[in-house]
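Below are the chains, spelled out letter by letter.
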Amino acid sequence: MTIHELLATAFTRHAARPAITTTSGDRLDYAALAARVDATARWLAEQGVTAGERLVVRLAKGQAFVDIYLAALLRGIVFVPVNDGCTAAELEHYVADADPRLVLTDDDIDVPAHVERLQLDPHGDEHLADAGAPLPATTPHADDLAVLLYTSGTTGKPKGAMLTQDNLGANVRALATAWEWVPDDVLVHALPLFHVHGLFVALTGALAAGAHAVMLPRFAADAVLDTIEAYDATMFMAVPTMHHRLVTSGRARAATSTLRLVTSGSAPLRPETAAAAQAFFGCPLVERYGMTEVGIAASQPLHGEQRLGTVGVALPSVRLRVVDPSTAVACPAGDTGEVQIAGPSVFPGYWRRTEQTAATFTDDGWLRSGDLGVLADDGVLTIRGRSKELIISAGFNVYPREVEECLADHPAVREVAVVGLPDDDRGEVVAAVLVWDGPESLVEDDLVAHCRAHLAAYKCPWVWRTVESLPRNAMGKVQKHTLAQQLADSRRD
Ligand code: AMP
């Protein structure tokens, strides 16, 4: 089933049920949401945007974003959301690459002169056409492009991941099964909308299930907890940074018994934070693993043992394998290799980038995730980090995540990132960057002893730096390429 079919069905089947509480606090039932989406579709038609054309949207989180997204999906217009905090130079790249019919922004940011731009109030109604003749019915096909989602671009310029109507439909259905979405669910939505997690997993998942999404303009610990309580929420989805902030917010715990599922993903979750969050929320905390190019690939089970530190098993319809990249042979259970993914939610490729698309797939058609992982005998997956971040020091493989977890266990380490630095003698050396809560003079003495007690010598960092905070992107992922570059530059000086 395409995402178009799933949403159109939800709109009619659940007409009188609550669909969205907007960031402005207005409650819309599915019939009211459908009317707004219809008016938005007519407005887009008036602006001359037709099926198959790209529509770049750089709007703050608000109902206008939601209306335009849904109208585009239902009309077969290719929706291209970009971070509303992106710079003019970044926007120029997205626009030059996506080649859109129209760019919608909420400020007067520059776009290349030949491209049409309209400015909209992200909380207003300017994008709703007056009542008029209904548009002729359209039915996007399974293989039609639905969304171009730019990857965070940790290596090179961001590439547009093409997601089809079928890709989105398949993932939403798999999630509905794994997480047992029902129309009675109430989701507190505190994620950005320009990323796969907030847009597909949370918002689209809720709407396709006929559930109620309560939208918050941004994450703030108090607002999340107050909203969970006020709406008797059943679900909450977050990235690890948010969970950490919630459990250290000083609030006793989420004072509700209605929560049935809290999820974490998009970046590694420390087992300690997972355990603390589970106790805080008083319901299962399910860690899941996914990426822009696939949606969600694996999730811990909703019932039974979550097995801390793992990301659970493949979702229904998704296939996972772990392959030794040097031999292209599947690894035995327990060995680390590259995680590869197949199934109906896997994207067909990057927009107008044939070579990078070819490099992303194996000869037998599996997606190379670029993540290192281990599959256990029973199919439970553990992520070890990005393969590009693997450090090879004097011929030994060092997985930064293992060193980070060891350092994070030290009581004075608040945050840590481990990267590899070029080194004439060893090829690479292990470097640790820390947000440190103790006297500067103790960093090396204390931590070297701590690492030596827990890690083989070749894994122990050679280079130590303390910083005020780690550079992170909007999803809380540490920008390791920036850190490694800064460290390498400062070592050369
Ligand atoms: P994005 O396309 O921005 O969602 O980033 C996808 C990447 O985030 C994956 O390839 C992983 O490296 C990372 N990621 C997502 N979920 C997890 C998780 N549960 N644990 C560790 N890394 C994760």
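Residues numbered from 1 in each chain as written. Predicted model: local features only at pLDDT ≥ 70, side-chain atom pairs only at ≥ 80, totals over all residues. Heavy atoms only, no water.

Details of the packing of aromatic side chains
As a reminder of what qualifies: Note on aromatic pairs: the rings of Phe, Tyr and Trp (six-membered ring only in Trp) are paired at centre separations within 6.5 Å, and the planes decide the class, stacked below 30 degrees, edge-to-face beyond 60, tilted for the rest. Runs of H or I in DSSP of at least four residues are treated as helices and runs of E of at least two as strands, each being numbered from the N terminus. Each residue is placed in one exposure class: buried if its accessible area under a 1.4 Å probe, protein chains only, is under 20% of its type's maximum, exposed if it is over 50%, and partly exposed if it falls in between.
The full count for this structure, using the stated rule, is nine aromatic pairs. Centre to centre, the rings of Phe-65 and Phe-79 are 5.4 Å apart; their planes meet at 80°, and the pair counts as edge-to-face. Placement of the pair is Phe-65 in helix α3 (residues 63-75) and Phe-79 in strand β4 (residues 78-81), with a sequence separation of 14 residues. Here Phe-65 and Phe-79 have matching classes, each one buried.

As for the site of the ligand
Selection rule: Here a residue counts as near a molecule or strand whenever at least one of its heavy atoms sits within 4 Å of it. Within 3.5 Å is the distance limit for a polar contact, defined as a pair of N or O atoms, with the added protein rule that one can donate a hydrogen and the other accept it, and that residues adjacent in sequence qualify only through two side-chain atoms. Calculation of accessible area relied on Shrake-Rupley with a 1.4 Å probe; when residues are assessed, cover is drawn exclusively from the protein chains displayed.
Around the ligand, 18 residues are found, and the nearest of them are Glu-287, Arg-288, Thr-292, Asp-371 and Arg-386. Side-chain polar atom of Glu-287 to a nitrogen atom of the ligand: 2.9 Å apart, as the coordinates give it. The side chain of Lys-477 places a nitrogen or oxygen atom 3.0 Å from an oxygen atom of the ligand. Its free accessible area being 500 Å², the ligand has 92% of it covered by the protein chains. Going through the elements one at a time, β13 (285-291) and β21 (381-386) are the ones with two or more residues in the shell around the ligand.

Overview of unusual backbone geometry
Not every positive phi belongs to a glycine, and Asp-99 is a case in point at roughly 55°. Take Asp-99: it is sitting in the loop between α4 (88-98) and β5 (102-105). Accessibility expressed as a relative area gives 39% for Asp-99, which makes it partly exposed. Of note, Arg-352 is a non-glycine position whose phi angle comes to about 55°, a positive value.

Considerations on helix α8 (residues 240-247)
Here is the rule: Contacts are assigned to residue pairs with any non-hydrogen atoms lying within 4.5 Å of each other.
All of the buried residues along α8 are Pro-240, Thr-241, Met-242, His-243 and Leu-246. Where α8 is buried, its residues touch α7 (221-230), β11 (235-238), β12 (261-264), α9 (271-281) and β13.

Examining α4
Every buried residue belonging to α4 is among Leu-91, His-93, Tyr-94, Val-95, Asp-97 and Ala-98, and all of these are buried. For α4, the secondary structure elements touched by its buried residues are β3 (54-58), β4, β5, β7 (145-150) and β8 (160-164). Within two residues after α4, Asp-99 carries a phi angle of roughly 55°, on the positive side.

Some thoughts on the pattern of salt bridges
As a reminder, the rule being used: Between Lys or Arg on one side and Asp or Glu on the other, a salt bridge is scored when a side-chain nitrogen of the former is within 4 Å of a carboxyl oxygen of the latter.
Under the criterion given, the structure shown has 27 salt bridges. The partner of Asp-107 in a salt bridge is Arg-58, with the nearest N and O atoms 3.3 Å apart. Pair noted here: Asp-107 is in the loop between β5 and β6 (117-119) and Arg-58 is in strand β3, with a separation of 49 residues, a long-range link. Judged by its relative accessible area of 4%, Arg-58 falls in the buried class. Across the pair Arg-321 and Asp-364 runs a salt bridge whose closest N-O atoms are separated by 3.0 Å. Note that Arg-321 is positioned in strand β16 (residues 319-324) and Asp-364 in the loop between α10 (354-360) and β20 (367-375), a separation of 43 residues in sequence. Under the relative-accessibility criterion, Asp-364 is labelled partly exposed at 48%. In this structure, a network of salt bridges that share partners links the residues Asp-222, Asp-226, Glu-229 and Arg-251.

Describing the sheet that holds strand β24 (residues 413-423)
Selection rule: We treat two strands as partners when DSSP finds at least two bridges between them. To get an axis, a line is fitted to the C-alpha atoms, and for a helix only the part in contact is used. The angle between two axes follows their N-to-C directions and goes from 0 to 180 degrees.
The strand order across the open sheet formed by three strands is β24-β25-β26, and the pairing between neighbours is mixed. Of all the strands in the sheet, just β24 and β26 (463-466) have a single pairing partner and so form its edges. Neighbour-to-neighbour, the strand axes of the sheet open up by a mean angle of 25°, direction not taken into account. Pairing between β24 and strand β25 (residues 427-436): ten bridges, direction antiparallel. Residue pairing for β25: Gly-420 is matched across the bridge by Val-430.

Thoughts on the side chain of Arg-426
Put simply, the test is: His is not counted here, nor are the chain ends, while Lys and Arg score as positive and Asp and Glu score as negative.
Within the secondary structure, Arg-426 is located in the loop between β24 and β25. One buried charged side chain, Arg-426, makes no salt bridge at all; its nearest oppositely charged neighbour is Asp-425, positioned 4.9 Å away. Those residues in contact with Arg-426 that sit more than four places away from it in its chain are Ile-392, Ser-393, Ala-394 and Trp-462.

A short note on the sheet that holds strand β2 (residues 27-29)
What the nine strands build is an open sheet, ordered β2-β1-β10-β9-β11-β12-β13-β14-β15; its pairing is mixed. Each having just a single partner strand, β2 and β15 (313-314) make up the two edges of the open sheet. Sitting on the sheet, helix α5 (residues 165-179) touches β11, β12, β13 and β14 (295-299), and the angle it makes with β14 is about 30°.

A short note on the domain arrangement of the protein chain
Our working definition: Where each domain begins and ends follows an automated or database-derived domain assignment. As a working rule, the residues Ala, Val, Leu, Ile, Met, Phe, Trp, Tyr, Cys and Pro are called nonpolar, Asp, Glu, Lys and Arg charged, and the rest polar, with Gly in that last group.
Partitioning the protein chain into structural domains gives domain 1 (3-218), domain 2 (285-387) and domain 3 (390-492). Averaged C-alpha coordinates put domain 1 and domain 3 at centres separated by 39 Å. Contact with domain 1, which involves eight residues of that partner, is made by four residues of domain 3. The interface formed by domain 1 and domain 3 includes zero salt bridges. Inspection of the region where domain 1 meets domain 3 yields zero residue pairs in polar contact (both at pLDDT 80 or more). Along the lines of polarity and charge, the residues of the side of domain 1 that touches domain 3 split into three nonpolar, five polar and no charged.

Section: the nonpolar core
For the record, the criterion: Only buried residues count toward a nonpolar core. Its members are Ala, Val, Leu, Ile, Met, Phe, Trp, Tyr and Cys residues joined through side-chain atoms within 4.5 Å.
Within the largest apolar cluster, 115 residues are counted, with the highest numbers of intra-cluster contacts made by Tyr-69, Trp-181, Leu-203, Phe-236, Phe-281, Tyr-289 and Ile-341. Among the elements that line this core, the one with the most residues is α3, at ten residues. Each of two domains, domain 1 (3-218) and domain 2 (285-387), supplies a minimum of three residues to this core. Core analysis: the next-biggest nonpolar cluster, separate from the first, contains 20 residues, Val-413, Val-430, Leu-434 and Trp-464 among them.

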